[in-house]
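The residues making up each chain are set out below.
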Amino acid sequence: MGNAEEAAMERQMVRRAVEDCPRLAQDEKERIDKVARFVARDGDLTETILLRLLKITKNQRRWGFISPDHPHHGYYLRRKISEQCRAIRPPR
């Protein structure tokens, strides 16, 4: 499978996850946006550390969206990818 096909499949998966995502309260949205920016800037190791923190603390309310089975994971993925693209694109 080529890179273009993989990218298309990932976009479709993210789109489907976002469509299934329930409505977010403003404070949840802000928390997810902040973490997505942080992970996009600092890399996947940061996400791995946060997943480990989630496992240790079992604080689903605060970090649960990082886990793929959480209802807000789709929104988190969309924000993370958006922030990664923003970092790559040169300013106009």
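Above this text you will find the structure in question.
Residues numbered from 1 in each chain as written. Predicted model: local features only at pLDDT ≥ 70, side-chain atom pairs only at ≥ 80, totals over all residues. Heavy atoms only, no water.

A. Quick look at the environment of Val35. Assignment of secondary structure puts Val35 in helix α2 (residues 26–42). What Val35 contacts, discounting residues up to four positions off in sequence, is Leu50, Trp63, Phe65, Ile66 and Tyr76. (Helix = DSSP H or I, 4+ residues; strand = E, 2+ residues; numbered from the N terminus. Contact = heavy atoms within 4.5 Å.)

B. Representation of the packing of α2 against helix α5 (residues 73–88) in the model. Viewed as axis vectors pointing N to C, α2 and α5 meet at an angle of 45°, and their least axial separation amounts to 8 Å. Here α5 runs oblique to α2, going by the angle between their axes. In terms of crossing hand, the pair formed by α2 and α5 is right-handed. Contacts between α2 and α5 involve Lys29, Ile32, Asp33, Val35, Ala36, Arg37, Val39 and Ala40 on the former and, on the latter, Tyr75, Tyr76, Arg79, Lys80, Glu83 and Gln84. Taken together, the residues of the contact of α2 with α5 break down into seven nonpolar, one polar and six charged. (Axes fitted to C-alpha atoms, helices over the stretch in contact; angles between N-to-C directions. Parallel < 35°, antiparallel > 145°, perpendicular 65-115°, else oblique. Left-handed = near helix turned anticlockwise from the far one by under 90°. Nonpolar A, V, L, I, M, F, W, Y, C, P; charged D, E, K, R; others polar.)

C. The arrangement of the nonpolar core in detail. Counting eleven residues, the largest nonpolar core is built from Ile32, Val35, Ala36, Val39, Leu50, Leu54, Trp63, Phe65, Ile66, Tyr75 and Tyr76. Those elements giving two or more residues to this core turn out to be α2, α3 (44–57) and α5. Sort the elements by how many residues they give to this core and α2 lands first, with four residues. When neighbours within four sequence positions are excluded, Ile32 is seen to be in contact with Leu24, Phe65, His72, Tyr75 and Tyr76. (Core = buried A, V, L, I, M, F, W, Y, C linked by side-chain atoms within 4.5 Å. Buried < 20%, exposed > 50% of the residue type's maximum accessible area, 1.4 Å probe, protein only.)

Nothing here speaks to function; it is all geometry.
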